[in-house]
Every structure is written in structure tokens, then in C-alpha cells.
Amino acid sequence: MSRKPIIAGNWKMNLLQSEAKELFSGIKDFVKQYSAEQLPIVVVAPTFTSIAAVESQRCDCGCRNLLFTAGQNCYFEKNGAYTGEISVEMLKDAGCEYIIIGHSERRQYFSETDEMINKKAKAILSNGLIPIICCGETLEQREAGVTDTHIAGQIKAALESLTEEEISKSAIAYEPIWAIGTGKTCDSDEANRVIAMIRNVVKEISSTSAGDAVRILYGGSVNPSTIEEQMSKSDIDGALVGGASLKVDSFTSIIANTMKVAV
Ligand code: 13P
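Let me sum up the structure you'll find in this document. (Residues numbered from 1 in each chain as written. Predicted model: local features only at pLDDT ≥ 70, side-chain atom pairs only at ≥ 80, totals over all residues. Heavy atoms only, no water.)

A short note on the packing of helix 1 (residues 17-31) against helix 12 (residues 248-261)
As a reminder, the rule being used: Comment: axis = line fitted to C-alpha atoms, over the contacting stretch for helices; angle = value between 0 and 180 degrees taken between N-to-C directions. For the purposes of this entry, the term helix denotes a DSSP run of H or I that reaches at least four residues, the term strand denotes a run of E that reaches at least two, and both are numbered from the N terminus. By the definition adopted for this analysis, an angle is roughly parallel if under 35 degrees, roughly antiparallel if over 145, roughly perpendicular if from 65 to 115, and oblique otherwise. Helix crossings get a hand from a simple test, with the near helix turned counterclockwise from the far one by less than a right angle marking a left-handed crossing and a clockwise turn marking a right-handed one. Throughout, a contact is declared for two residues whenever any of their heavy atoms are within 4.5 Å. Polarity classes work like this: nonpolar for Ala, Val, Leu, Ile, Met, Phe, Trp, Tyr, Cys and Pro, charged for Asp, Glu, Lys and Arg, and polar for all others, with Gly in that last group.
Where helix 1 meets helix 12, the closest approach of the two axes is 9 Å, and the angle between their N-to-C directions is 30°. Between helix 1 and helix 12, the interaxial angle falls into the category roughly parallel. Between helix 1 and helix 12 lies a crossing whose hand is right-handed. Contact residues: Glu22, Leu23, Gly26, Ile27, Phe30 and Val31 in helix 1; Val248, Phe251, Thr252, Ile255 and Ala256 in helix 12. Within the contact of helix 1 with helix 12, the residues separate by chemical class into eight nonpolar, two polar and one charged.

Digging into the pairing of strand 3 (residues 67-71)
What counts is decided by this rule: Throughout, exposure labels follow a simple rule: accessible area from a 1.4 Å probe, protein chains only, divided by the maximum for the residue type, with under 20% read as buried, over 50% as exposed, and the rest as partly exposed. We call a crossover right-handed when, viewed with the strands running away from us, the connection from the first strand over the helix to the second turns clockwise. Criterion used throughout: strands pair if DSSP finds at least two bridges between them.
Burial of strand 3 is extensive: five of the five residues sit out of reach of the surface. Of the two faces of strand 3, the one carrying Leu67, Thr69 and Gly71 and the one carrying Phe68 and Ala70 are both buried. Considered for its hand, the β-α-β crossover made up of strand 2 (residues 41-45), helix 2 (residues 48-60) and strand 3 is right-handed. Inspection of the sheet shows strand 3 paired to strand 4 (residues 98-101) by two bridges, in the parallel sense. In the sheet register, Gly71 faces strand 4, and the bridge partner there is Ile99. As for the winding sense of the linkage, the β-α-β connection from strand 3 through helix 3 (residues 88-94) to strand 4 is right-handed.

Some words on the side chain of Asn257
Formally: Think of a polar contact as two N or O atoms within 3.5 Å of one another; within protein, one of them needs to be a possible hydrogen donor and the other a possible acceptor, and neighboring residues in sequence only count if both atoms come from side chains.
Mapped onto the fold, Asn257 is located in helix 12. Using a relative accessible area of 12% as the deciding quantity, one classes Asn257 as buried. At 2.9 Å, the side chain of Asn257 and the backbone oxygen of Pro224 are in polar contact. A distance of 3.1 Å separates a polar atom in the side chain of Asn257 from a polar atom in the side chain of Lys260. Setting aside chain neighbours within four positions, we find Asn257 in contact with Pro224, Ile227 and Glu228.

Quick word on the pairing of strand 2
Strand residues, when the strand is regular, have side chains that alternate between the two faces of the sheet. Of all five residues that make up strand 2, five are buried, and the element is covered over most of its length. Side-chain alternation along strand 2 places Ile41, Val43 and Ala45 on one buried face and Val42 and Val44 on a second face that is also buried. Of the pairings in the sheet, the one linking strand 1 (residues 6-10) to strand 2 comprises five bridges and is parallel in character. Across the sheet, the residue bridging to Gly9 is Val44, located in strand 2. In this view, the connection linking strand 1 to its parallel neighbour strand 2 by way of helix 1 has right-handed handedness. With three bridges joining them, strand 2 and strand 3 adopt parallel strand pairing. The residue of strand 3 that forms the bridge with Val43 is Phe68.

Re the environment of Gly62
Positionally, Gly62 belongs in the loop between helix 2 and strand 3. Distance from Gly62 to Glu115, taken between C-alpha atoms, is 38 Å for residues 53 residues apart in sequence.

Overview of the site of the ligand
As a reminder of what qualifies: Nearness of a residue to a molecule or strand requires only that one of the residue's heavy atoms be within 4 Å of it. Surface exposure here means Shrake-Rupley accessible area, sampled with a 1.4 Å probe, where a residue is shielded only by the protein chains that are shown.
Taken together, 13 residues lie around the ligand, and Lys12, His103, Gly181, Ser221 and Gly243 are the ones closest in. Here an oxygen atom of the ligand sits 2.8 Å away from a polar atom, N or O, in the main chain of Gly243. Protein coverage of the free-state accessible area of the ligand, which is 310 Å², stands at 95%. When grouped by side-chain class, the residues that make up the shell around the ligand number four nonpolar, seven polar and two charged.

Considerations on the packing of helix 5 (residues 114-126) against helix 7 (residues 147-158)
With their axes 8 Å apart at the nearest point, helix 5 and helix 7 run at an angle of 45° to one another. Between helix 5 and helix 7, the angle falls in the class oblique. Counted together, Asp114, Ile117, Asn118 and Ala121 of helix 5 and Gln154, Ala157 and Ala158 of helix 7 form the full contact between these two elements. When grouped by side-chain class, the residues that make up the contact of helix 5 with helix 7 number four nonpolar, two polar and one charged.

Written out as C-alpha cells, the structure is:
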């Protein structure tokens, strides 16, 4: 089963509009040298305030099919009295095709629960967008030997009552929390093992074809020197990149190195 790789840059709470434009422009100049067939699916997730700036460049350059945008979060309700929140429809209207949900920073600092993540996944899919559902264990959980049960629980809860077709379209990102922003990348064989375990959970709760179709990315200190080995593994379908997505050179090198081994 061949799954088109996804390389997604999560810009987190970084970059003013002018900086986001400059970064996007550099990425755009790189991807424009290739066709959509040659590239992985390249996604960037700017802050809400920079989505319009990025989208206007994406429309101008005819690269809508080479580069995609994502929201970093959303709310599951359609509209109404939810001060400070952004709906899926609003992100779709702004041009986004993907939305990251359940990032460990949102779980940790903003009390996002598995139940909310499931509601968000449903809202995203019913609007025709693609969720990138994050999961991952803390160092304490890894040391206590509960990594697999913890992650299986997060995945089961996030995918609760989604159809086989919805799951097949979705993306999951395995991001061990101890590897995020620390420079301590998870060993690629171990990342591949956990990702294969997630795929088996999907097969068990949905179907073999959904498990074979769902794209599962690795995230946590991914950089141009780690990506080739990560992408050469059987079950790793791409990367969710934080720090290294904030510089044109490092993000485009990650894309280029992905193209050497997978696409
Ligand atoms: P880093 O690549 O900076 O470790 O961040 C990973 C991440 O959290 C992406 O969502």
C-alpha cells in the first residue's frame, strides 16, 4: 500500500505576518521547481493571524496544489458565543485544507481532552478537511513502560465512531513529548514500532483498509539530518516539524531529503 508522504510544518506561536510571508515565499520558490507528483504533500500551519498573508501568496503563484495550509487548532462548534475560538468552517473559508488537533502543547497548556479531540475530528471531517491528530507519551510514561497503552487509548478515543472512510482520509502524528523541541529525536526503529502499533490499533477498531490508508507521521526534533532514515522506515509516512520548519533552508532540506527516499 503506497501512502503519499506528508511533510507538515507547525509554526506554533511564531512569526509575525511579514516573517510568515517571507518564510512561505522561500518554501514556495523551492516547491515550484517540482510537480505535485514529485513532491510529498507539503503543509504549513501558520498562526491564525498569518493564514491570510500566506493564502494570498498561495493563490497568486498557482501553487495551490503544491503547498497546503493548516490550522493549528479549531473549535468543534459551528459558530456562536465561544469567545476566542475559531470554527472549522472559518478555517476552510480562510483556505486551510488540514487542521492539527490534540497537539501535546494544547493538551498540556489548554486542557484539551480526548473527548474534545474526537469532536474536533468529526467537525473537521464533516467539513471536508483533514485532521492531523496528535498523540504521544511523556518521558515518565515511557519509563514506566506504558507508552503503547497510553497511545492506543488516545487513538481509540480520538477516532471513536468515525467511519472507515473518515479514518482513511485522516492523518495521525506520533509525537513523543520528550522529543519535542529537545533535539532528542526518537530512535527511528522505535518511532516506526510505535507507528506500526498505532496502525494495528486502527485496523482493530476500524478495518484493515483504514489502517493501511491512514497516514501516520512522526514528530519530535525532526531535522534535515534525521528525515532520510525516518522516511526509509516501513510505517512512517511523513513528519510534523516544529523548530526546523521555521527556516526556509531547513524545511526545504527536509522536503528534498524526503524526496530522495520516499514519494
Ligand atoms: P520540534 O520539531 O521543534 O521538536 O516540534 C515538534 C512538534 O511539536 C511539531 O508539532
